[in-house]
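# Residue-level structural notes
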Amino acid sequence: MFSACADPKSIEGLTWLGCYLTSGKHLDFYMSFATVMLLLAVTAPASMLLGFGGAMAARSQVAPLRWLGKGYSAMVRGVPDIVYFLFFVIALDQGFEIVKQQFVCPGWDQPVFQGLEFHVCPAAKVPVATASPFVFQAYGFGLAVITFAIVFGAFVTNVLYGAMQAVPRAQLETAESYGMSHGQVFRRILVPQMWTYALPGLANLWMILIKATPLLFLLGVKDIVYYARELGGTKTQAYDYPHPDWRIFYFLGLLVFYLLMTKVSEVVLGRLSARLSHGQATAAGEAMRKAAT
Amino acid sequence: MTMTCAETFAAYALRSIGIGEKLLPKTDFTLCQQFTLIGSGLIWNVYFGFVALAFGFFLANALALAKTARSPLLRKPADWFVFVFRGSPLFIQFFLAYETLVLLPRSGINVLGMTVDTSWLTKAWAGALIVMVLNTAAYSAEIFYGALRSIPKGDLEAADAYGLTGWQRFRRIEWPTMLRLGWPGYTNEAIFLLQSSTLVYFSGFPAFQQQGDALYYANYFADKTFNPFIPYPIVAFYFICLTLAVIWLFGRVNRHLNRHLPQNMRSRIRLRPQVIR
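Worth saying up front: this structure is predicted, and the values here are computed from it rather than measured. (Residues numbered from 1 in each chain as written. Chains lettered and ligands numbered in written order. Predicted model: local features only at pLDDT ≥ 70, side-chain atom pairs only at ≥ 80, totals over all residues. Heavy atoms only, no water.)

### Remarks on the state of the cysteines
Residue and element names in this part refer to chain B. As enumerated under the stated definition, the model contains 1 disulfide over all chains in all. Here Cys5 pairs with Cys32 through a disulfide, and the sulfurs are 2.0 Å apart. Looking down the S-S bond of the Cys5 and Cys32 bridge, the torsion is 90°, so its handedness is right-handed. Here Cys5 is found in helix 1 (residues 5-12), whereas its partner Cys32 is found in helix 2 (residues 31-68), with 27 residues between them in sequence. Accessibility expressed as a relative area gives 16% for Cys32, which makes it buried. Cysteine Cys241 is unpaired, with the sulfur of Cys5 as its nearest cysteine sulfur at 17 Å. (Disulfide = S-S within 2.5 Å. Helix = DSSP H or I, 4+ residues; strand = E, 2+ residues; numbered from the N terminus. Buried < 20%, exposed > 50% of the residue type's maximum accessible area, 1.4 Å probe, protein only.)

### Some points on the interface of chain B and chain A
Facing the 43 residues of chain B at the interface are 42 residues of chain A. Overall, the association of chain B and chain A removes approximately 3900 Å² of surface from exposure, summing both partners, and the carbon and sulfur fraction of that is 78%. Taken together, the connections running from chain B to chain A amount to 1 salt bridge. Its salt-bridge partner being Glu99 of chain B, residue Arg247 of chain A comes within 3.1 Å of it at the nearest N-O pair. Inspection of the chain B/chain A interface yields 5 residue pairs in polar contact (both at pLDDT 80 or more). For the side of chain B that touches chain A, the elements supplying multiple residues, two or more each, are helix 3 (72-87), helix 4 (90-101), helix 8 (214-225) and helix 9 (231-257) of chain B. Residues belonging to the side of chain B that touches chain A are distributed by class as follows: 26 nonpolar, 12 polar and 5 charged. (Contact = heavy atoms within 4.5 Å. Buried area = accessible area lost by both parts, 1.4 Å probe. Salt bridge = Lys/Arg side-chain N within 4 Å of Asp/Glu carboxyl O. Polar contact = N/O pair within 3.5 Å; in protein donor to acceptor, adjacent residues only side chain to side chain. Nonpolar A, V, L, I, M, F, W, Y, C, P; charged D, E, K, R; others polar.)

### A short note on the pattern of salt bridges
The tally for this structure, following the rule as stated, stands at 10 salt bridges over all chains. Connected through salt bridges with shared partners, the residues Lys67, Asp79, Arg86 and Glu142 of chain B form a single ionic network.

### As for the UniProt feature "transmembrane region" (unreviewed entry) in chain B
All names here are of chain B. The sites that carry the UniProt feature "transmembrane region" (unreviewed entry) are, in the present numbering, residues 46-66, 78-104, 124-145, 190-209 and 229-250. Regarding residues 78-104, the helix share stands at 81% and the strand share at 0%, and the terminal C-alpha atoms are separated by 26 Å. Here residues 124-145 is 100% helix and 0% strand, with 30 Å between the C-alpha atoms at its ends. (UniProt positions renumbered as here; feature names shortened; annotations may be inferred.)

### Considerations on the side chain of Asp245 of chain A
If you trace the backbone, Asp245 of chain A turns up in the loop between helix 8 (224-232) and helix 9 (247-277). At a separation of 3.1 Å, a polar atom in the side chain of Asp245 of chain A contacts the side chain of Arg247 of chain A. Excluding anything up to four places from it in sequence, Asp245 of chain A contacts Gly232, Gly233 and Thr234 of chain A together with Leu103 of chain B.

### Quick word on the environment of Thr157 of chain A
All names here are of chain A. Positionally, Thr157 belongs in helix 5 (residues 133-166). Here the alpha-carbon distance between Thr157 and Ser73, two residues 84 residues apart in the chain, equals 5.8 Å. The contacts of Thr157, once residues within four sequence positions are left out, are Leu50, Gly51, Gly54, Ala55, Gly69, Tyr72 and Ser73.

### A short note on unusual backbone geometry
Residues and elements named next belong to chain B. The backbone phi angle of Gln209 is positive, close to 50°, even though this residue is not glycine. Topologically, Gln209 is positioned in the loop between helix 7 (166-196) and helix 8. On the accessibility criterion, Gln209 (48% relative accessible area) is partly exposed. Residue Phe226 is not a glycine yet carries a positive backbone phi of 55°.

### As for the nonpolar core
In terms of nonpolar packing, the biggest core is built from 150 residues, with Phe148 and Leu254 of chain A together with Ile38, Phe48, Phe94 and Val200 of chain B touching the most fellow members. The greatest single-element share of this core, amounting to 16 residues, is contributed by helix 5 of chain A. Sequence-distant contacts of Phe148 of chain A, that is, excluding residues within four places in its chain, are made with Leu39, Thr43, Phe85, Gly153, Leu209, Ala212, Thr213, Leu215 and Leu219 of chain A. (Core = buried A, V, L, I, M, F, W, Y, C linked by side-chain atoms within 4.5 Å.)

What follows is the structure, given as structure tokens:
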């Protein structure tokens, strides 16, 4: 990328290291950190929405809706979620292809499962075979986001349902006695009050979500784990930058990255928790009141 | 050639530890094969989970004590240990451990004229187990530390009044109370540790001669049949059974720990979903 790096074999020392760390593959590696951040940025709100919907469904007066909400939140108990990750990616992919087949080749009458193979008409492949590698990557990433959102949505459902139940009954009854409707109580009292009860659980989930991001690797996305293995592996003289097995350093780097993410999150969430506890009738709120007087 | 289910069971029930049929089924997968092989893989999940818990328990106790120590020489290293193992993904810890262990010299290390063989450390049964022991120790230490800090003041004052000090006070008052208070949290830890053992064969550690855990075989079937709707629910079924077994086992211990208390003061085990680490 720099003129000094034109012939990597002839340079050494710090220049070599500088050139090595700015090679094209390394720039891809740095970009993959952005992929992780993007995953967090998309998944967190998406699973919050799913979780909010799930918690509302679990509290519903309508029985089938309530079963749906409760069933969704029970889904994640007792089963390792890596199972869901592996399952949803194939299931979603096949689902998309079957649905697309109904539209793009309606006349196609061959069965989808032929012995050991999964067959849709060529035009119904998602993405189509001629698509660019970027589209394949983006599609893999999209599948990963949906999978993460479904699994974490179930966790969030659990937390928010508990938080809604934890809001003191007296507050809701007071609101009702003022003549507020069901929806008004929900919007004006329950939702604003529940966050202080939900925050410990949500903070915990955020930490878990951060630590779940390397599972992107299992879903076939070229993420930081993929590049750490790729770049760290032994490079012979055939490569521009030959070096022995350096994977341990790359993984140490990833470890530090995750520890930093955890530390920063801890600090931010601590502040948020202090803000939300302010004036609340909880132990934390009481402690703040005492400290202030 | 078709096998009856009993024959399949005989051939594959212990396949994951290298006993029985060498070759995995390649075509004509039956439901019986999937149940047997995935169940066979479960042996490894149970091994990783319970052995790691057994060793990790002692380390966790030591770490929890070190975390309450006054001297920063004891406290700081324990704090850092817990932070590193709880603050980073287990998945990355497995990778890092594997890449570190393969760097050890193949021929062994020379210690005082004796050659110590190191190649076994790169095998999953040892390498991954070490990571899991350290990981569960960190998580459990945090649980026990919290429990130590919430021992009722009255209990400690009563111990003082009886003239119990030092080791005696710890052995007879603090430790049993810590265990009792921490046990519901520890039960959850045991469940999640068992579940996270499914990560082992997806994180660098190779499955020697296709001897893997439950998820390894489920993944094998899903790859071969392009049908995720059978093998993964089988794994889920097995893990729900395993979870129920753990809850039953730990529930009995919990009852034992709470046996001296009146009914309304006993602590209950509540299953809390929080899985990946």
